[in-house]
Amino acid sequence: AAMKQTKGLEEDRMSIIKFEFNPKVGIDNPALTLTEDTDGEGMGEPRFFILTKDSTESFGFCLHEELGCQGHVIRQIELGGVAQRRGLQDGDRLLQVNGHFVDHMDHLRVVQKIKASGNQVLLAVLDGDSYEAAKTLGRDLSQMLPDDIRPRLCHVTRDKSGFGFSVSCPEGTKGTFQLSVLQDGPADRAGVPPGSWLLELNGDSVKSYSHTQLTKKLKQSGNKVTLLVASSAVEEFYRLRGLRVMAALADTSRLPFKVRELHLVKGPAGYGFLLKEDDCSSGGVGQFLWDVDVGLPAEQAGMKEGDRVLAVNGESIEGLDHEQTVRRIRAQEDQVKLLVIDPAGDEFYHSVGFGDMVLL
């Protein structure tokens, strides 16, 4: 009775949500535990899990917000679901989603982060008793977690000296490539860590590449190349699970492509743009912004012709048609907030496997 329960993201607050699972997932890998001095006798350690599903199934657990119980609580773990097989326990507290600390976040925001992960999510949890003990001791739970467990996505532009990195590979092996990075060169400026391991090139796994094949692919990339890389610690973290690191889990803060939020306040002549439905570069259709009038609110807010709309007033328009999107824009009479991405960014993110929910 103490637990608040609501049904769906459209309501004001969400206290429970059911995530999908994949019954085809194979034998479990044990969760990697983090050895730390907890300063509390009998206190457990954070556990890490990668849950993978397909688009029609779910992760197989519910996330609760409960009165009288701190944190985001794992409940209703489905029998035989991927969450159970991976080792999630009833009462576990969720600490991290895809490397982001979430214990301090609003419950709905945490739910949205998990949904935005698509078909693969990386979770860090702490058992309920240890969580309560840590809170009682006043511990900073974020300090119980590693500093960075995210791979990095880097977009490198060649200069006259090249891309600014070299690749080494143990003789006779495939798919094992370590990068040496030239200081202050293009790769260094793009955020590629020295000594990192290459996982993907231009959105494709390099696991099956020989050194010769990789060199050929780099030459075919022209003047720009996108690298998914990981430090030795991060590479080991994922390798222990036997799972391929996905670009959707990566740190993208160093990429030149950004989504933008436009806040438009309607003027006497309106907003000053047209919305058009058209084909997306990734397939399907999208809602695009055109005929941006000079000097009117749309242009003043930073709108550019060809921008694609991802969300209206903080809500994704995925699955909405043109008329539904227009109604969403007109829901507030005098202002609207649009989350948009320009054509170059749109094409880039889809080329490396990012969907709209991940961008949001």
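Okay, so let's go over this structure. On a predicted model such as this, the values are computed, not experimentally measured, just so you know.

1. Brief notes about the overall build of the protein
Per the secondary structure count, the protein includes 10 helices and 20 strands. Buried residues in the protein amount to 47% of all 360 residues. Partitioning the intrachain contacts of the protein with sequence separation of at least 6 by distance along the chain shows that 68% fall at a separation of at least 24. Here the protein displays about 18200 Å² of accessible surface, and carbon together with sulfur accounts for 48% of that area.

2. Description of helix α6 (residues 232-239)
Residues of α6 that are buried include every one of Val234, Glu235, Phe237 and Tyr238, and no others. Mapping the buried residues of α6 onto a view down its axis gives an arc of 155 degrees, with all of them on the same face.

3. A look at the pattern of salt bridges
Counted by the stated rule, this structure contains 11 salt bridges. The shortest N-O distance in the salt bridge between Asp346 and Arg308 comes to 2.9 Å. With Asp346 in helix α9 (residues 343-351) and Arg308 in strand β18 (residues 308-312), this residue pair connects regions lying 38 residues apart in the sequence.

4. Some remarks on the nonpolar core
If you look at the biggest cluster of nonpolar residues, it comprises 35 residues, and the most contacted ones within it are Leu141, Leu153, Tyr238, Phe348, Tyr349 and Phe354. Secondary structure elements with two or more residues in this core: β3 (47-52), β8 (120-126), α3 (128-136), β14 (224-230), α6, β18, β20 (335-341) and α9. For Leu141, the contacting residues outside a window of four places in its chain are Leu95, Phe101, Asp103, Leu126, Tyr131, Ala134 and Lys135. The next biggest cluster of nonpolar side chains, apart from the first, holds 20 residues, and it includes Phe177, Leu179, Ala187 and Val206.

5. Let's talk about unusual backbone geometry
Despite not being glycine, Asn202 has its phi angle at roughly 55 degrees, a positive value. Of note, Asn202 is situated in the loop between β12 (197-201) and β13 (204-205). In this model, Asn313 sits at a positive phi of 50 degrees, which is unusual for a non-glycine residue. Mapped onto the secondary structure, Asn313 falls in the loop between β18 and β19 (315-316). Residue classification places Asn313 among the partly exposed residues on the basis of a relative accessible area of 27%.

6. Overview of a negative patch on the surface
Taken together, the side chains of Glu277, Asp278, Asp279, Asp321 and Glu323 make up a negatively charged region of the molecular surface. With 3 residues, the top contributor of residues to the negative patch is strand β16 (residues 274-279). Looking at the element boundaries, Glu323 is found in helix α8 (residues 322-329). Assessed through its relative accessible area of 48%, Glu323 is described here as partly exposed.

7. With respect to the pairing of strand β5 (residues 69-75)
By the criterion of burial, β5 is predominantly enclosed, with 5 of the 7 residues buried. Of the strand pairs in this sheet, strand β4 (residues 61-66) and β5 are connected by 4 bridges, and their pairing is antiparallel. Bridge pairing in β5 places Glu66 opposite Cys69. Hairpin connection from β4 to β5: 2 residues lie between these consecutive antiparallel strands, with Gly68 at a positive phi of about 80 degrees.

8. As for α8
Those residues of α8 that sit buried are Thr325, Val326 and Ile329. The arc that holds every buried residue of α8, seen down its axis, measures 100 degrees, which confines them to one face. In the core, the buried residues of α8 are packed alongside β16, β17 (285-290), β18 and β20. Near the N-terminus of α8, the side chain that reaches the backbone nitrogen of Glu323, with its oxygen 3.2 Å away, is that of Asp321.

9. Notes on the packing of aromatic side chains
Aromatic rings in a pair are described by how distant their centres are and how their planes are angled relative to each other. Inspection of every chain in the model, using the stated rule, returns 6 aromatic pairs. Plain terms: the ring middles of Phe257 and Tyr349 are 6.5 Å apart, the flat faces sit at 75 degrees to each other, and that makes the pair edge-to-face. Placement of Phe257 in the loop between α6 and β15 (260-265) and of Tyr349 in helix α9 is noted, with a sequence separation of 92 residues between them. Taking relative accessible area as the criterion, Phe257 reaches 15% and is therefore assigned buried.

10. Quick word on the environment of Val167
With respect to the element layout, Val167 can be found in strand β10 (residues 165-168). With 10 residues separating them in the primary sequence, Val167 and Phe177 have C-alpha atoms 6.1 Å apart. Discounting chain neighbours no more than four positions away, the residues touching Val167 are Phe177, Gln178, Leu179, His211 and Leu214.

11. Regarding the environment of Asn119
Positionally, Asn119 belongs in the loop between α2 (107-115) and β8. The class for Asn119 is partly exposed, based on a relative accessible area of 32%. Put simply, Asn119 and Leu51 are 68 residues apart on the chain and 8.0 Å apart in space, counted from C-alpha to C-alpha. Once residues lying within four places of it in the same chain are set aside, the contact partners of Asn119 are Leu51, Thr52, Lys53, Asp54, Ser55 and Phe59.

Rules used in this analysis
- Residues numbered from 1 in each chain as written.
- Predicted model: local features only at pLDDT ≥ 70, side-chain atom pairs only at ≥ 80, totals over all residues.
- Heavy atoms only, no water.
- Helix = DSSP H or I, 4+ residues; strand = E, 2+ residues; numbered from the N terminus.
- Buried < 20%, exposed > 50% of the residue type's maximum accessible area, 1.4 Å probe, protein only.
- Contact = heavy atoms within 4.5 Å.
- Areas by Shrake-Rupley, 256 points an atom, 1.4 Å probe, with all protein chains shown as cover.
- Arc of directions from axis to C-beta.
- Salt bridge = Lys/Arg side-chain N within 4 Å of Asp/Glu carboxyl O.
- Core = buried A, V, L, I, M, F, W, Y, C linked by side-chain atoms within 4.5 Å.
- Patch = residues over 30% accessible without salt bridge, like charges linked within 9 Å, V, L, I, M, F, W, Y side chains within 5 Å.
- Lys, Arg positive; Asp, Glu negative; His and termini not counted.
- Charge placed at Lys NZ, Arg CZ, Asp CG, Glu CD.
- Pairing = 2+ DSSP bridges.
- Polar contact = N/O pair within 3.5 Å; in protein donor to acceptor, adjacent residues only side chain to side chain.
- Phe/Tyr/Trp six-rings, centres within 6.5 Å; stacked < 30°, edge-to-face > 60°.

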